[in-house]
Amino acid sequence: METSDNFSISRMLRYIRFDFVSNKKSYIMRISLIAIILFLVMLLVSMTAGVGDVVTHAHYCGTIGIVASWMLAIALSISLSYIFEPMKTIGGRINHLMLPASKAEKFTGRLLISTLGLFAAFIVAILVTESVRNVVLLAFGDKYSDVIGFDFFGIVKELWGIMFVDKWLTTHQMFGFSTFLLGGALWYNYSFVKTLFAQTVIGMGLLILGGFFSILSLITDWLDSADWEVLYNVSFVVAWVIMLAMWVLTYQLYRRASIVNKRFIFKQ
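Residues numbered from 1 in each chain as written. Predicted model: local features only at pLDDT ≥ 70, side-chain atom pairs only at ≥ 80, totals over all residues. Heavy atoms only, no water.

A. Region of interest: the packing of helix α1 (residues 9–47) against helix α4 (residues 103–138). Axis separation between α1 and α4 bottoms out at 7 Å; the angle between their running directions is 35°. Between α1 and α4 the crossing geometry is right-handed. Tallied by class, residues from the contact of α1 with α4 come to 22 nonpolar, 4 polar and 7 charged. (Axes fitted to C-alpha atoms, helices over the stretch in contact; angles between N-to-C directions. Helix = DSSP H or I, 4+ residues; strand = E, 2+ residues; numbered from the N terminus. Left-handed = near helix turned anticlockwise from the far one by under 90°. Nonpolar A, V, L, I, M, F, W, Y, C, P; charged D, E, K, R; others polar.)

Here it is as structure tokens:
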């Protein structure tokens with residue numbers, strides 16, 4: 001049942017362990033699907049990376065790093081959008097809300113499972129698939145000798161560099177993740193699809209507004225390069241303020257969750 005005690009790391013860890021034990025089959029199936037897709041991409045790139053080229057390994061690591069970064073971003077978006085998946089049914093909400101942990105502990109636990117848990121599983125998937133890739137390529141003899149090699153660390157380095165290449169890309173990614181997190185609190189069912197649709201509609205509106213603003217500034221010439229730089233810096237700060245607001249709103253929505261819920265026009 002819900003507890004009102006202060007935040008307890010031990011209770012949060014017990015909740016995480018309970019969640020994994022209860023949903024381990026689902027988690028294993030999901031990460032296995034990611035690993036299979038990643039392995040097929042690795043194998044395809046290995047067989048088309050330009051055998052005989054001295055930069056084959058660099059080409060391979062760079063390509064897989066790009067693919068892995070996209071896969072991780074998509075996986076994190078889906079994971080965050082389903083952060084409150086245990087509450088998508090009335091029975092699930094009863095079980096979840098009655099667990100012996102505070103909502104702060106369960107919220108933090110779900111957040112850790114959906115982010116760090118997924119990230120750790122994804123890195124392990126790269127380790128396993130890279131190992132299996134080499135074993136499979138060895139079966140072809142010397143045909144793919146130039147692409148045989150344990151490139152796990154090179155792939156992870158490329159992945160990290162792509163995910164955190166600069167502050168704007170990182171901010172863009174974090175903003176997207178934050179919207180999926182908020183979407184997960186707004187809609188328990190089909191939250192990824194609903195959030196993606198909302199992102200598309202709002203994004204198109206902002207794109208049109210931004211284009212109009214840019215054309216207006218070119219016609220009137222009322223913004224010089226220094227003004228644009230200030231505007232970019234201000235928008236960077238505003239983006240992080242909005243993200244913080246989305247995180248706070250997500251937690252507040254979760255705190256107010258009850259057994260019988262309706263979110264906007266979507267019945268839960």
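Continuing now.
B. Highlighting the pattern of salt bridges. Tallied over the entire structure, the rule returns 6 salt bridges. Residue E105 is joined to R11 by a salt bridge in which the shortest nitrogen-to-oxygen separation is 2.7 Å. Residue E105 is located in helix α4, and its partner R11 is located in helix α1; the two are separated by 94 residues in the primary sequence. Pair check on accessibility: E105 and R11 agree, each one buried. The closest approach of N and O atoms between E130 and R133, which form a salt bridge, is 2.8 Å. Of the two residues, E130 and R133 are both situated in helix α4; the distance of 3 residues between them amounts to about one turn of the helix. (Salt bridge = Lys/Arg side-chain N within 4 Å of Asp/Glu carboxyl O. Buried < 20%, exposed > 50% of the residue type's maximum accessible area, 1.4 Å probe, protein only.)

C. A look at unusual backbone geometry. Located in the positive-phi region is Y190, a residue other than glycine, with phi close to 55°. The topology assignment puts Y190 in the loop between α6 (167–186) and α7 (191–220).

D. Structural view of the packing of aromatic side chains. Counting across every chain of the model gives 9 aromatic pairs. Note on F84 and F107: the rings are 6.1 Å apart at their centroids and 35° apart in plane angle, and the pair reads as tilted. Here F84, found in the loop between α2 (56–81) and α3 (90–97), pairs with F107, found in helix α4; they are 23 residues apart in sequence, far enough to count as distant. Look at F84 and you get buried, because its relative accessible area is 2%. A relative accessible area of 9% places F107 in the buried class. Clustering of aromatic rings is evident, with ring pairs tying together F84, F107, Y251 and Y254. (Phe/Tyr/Trp six-rings, centres within 6.5 Å; stacked < 30°, edge-to-face > 60°.)

E. Looking closely at the confidence of the model for the protein. Overall, the predicted model of the protein reaches an average pLDDT of 81, with 83% of residues at or above 70. Considering each helix and strand of the protein separately, the mean pLDDT is smallest for strand β2 (residues 266–267), with a value of 44, and largest for α4, with 92. Scored below 50 in pLDDT, residues 264–268 shows 14 contacts in the model against residues more than four places distant or in partner chains. (pLDDT = per-residue confidence, 0-100. Contact = heavy atoms within 4.5 Å.)

F. Here's a closer look at the nonpolar core. Membership of the largest hydrophobic core comes to 44 residues, with the highest contact counts inside it found for F84, F122, I126 and L159. Per-element accounting of this core gives the leading share, 10 residues, to α2. The contacts of F122, once residues within four sequence positions are left out, are I31, I34, A68, M71, L72 and L159. Core analysis: the second largest hydrophobic core is formed by 5 residues, F39, L43, L137 and V147 among them. (Core = buried A, V, L, I, M, F, W, Y, C linked by side-chain atoms within 4.5 Å.)

G. Representation of the environment of A121. Residue position: A121 is located in helix α4. Distance in space between the C-alpha atoms of A121 and I34 is 9.7 Å, their sequence separation being 87 residues.

H. Just α4, in detail. With 36 residues, α4 should cover 52 Å at 1.5 Å per step; its first-to-last C-alpha distance of 51 Å lies within 8% of that length. Within α4, the axis deviates most sharply at I113, by approximately 35°. (Expected span 1.5 Å × (residues − 1). Bend = angle between axes of the 7 residues up to and from the residue.)

I. Spatial organisation of the side chain of D19. Structurally, D19 can be placed in helix α1. On the basis of relative accessibility, which here comes to 4%, the residue D19 falls in the buried class. A distance of 2.5 Å separates polar atoms of two side chains, one belonging to D19 and the other to Y27. For D19, the contacting residues outside a window of four places in its chain are Y27, P86, R110 and I113. (Polar contact = N/O pair within 3.5 Å; in protein donor to acceptor, adjacent residues only side chain to side chain.)

J. Structural detail: the environment of G109. Note on placement: G109 falls in helix α4. The buried category is assigned to G109, whose relative accessible area is 0%. Residues G109 and I9, 100 residues apart in the sequence, show an inter-C-alpha distance of 9.4 Å. Once residues lying within four places of it in the same chain are set aside, the contact partners of G109 are M12, Y15 and I16.

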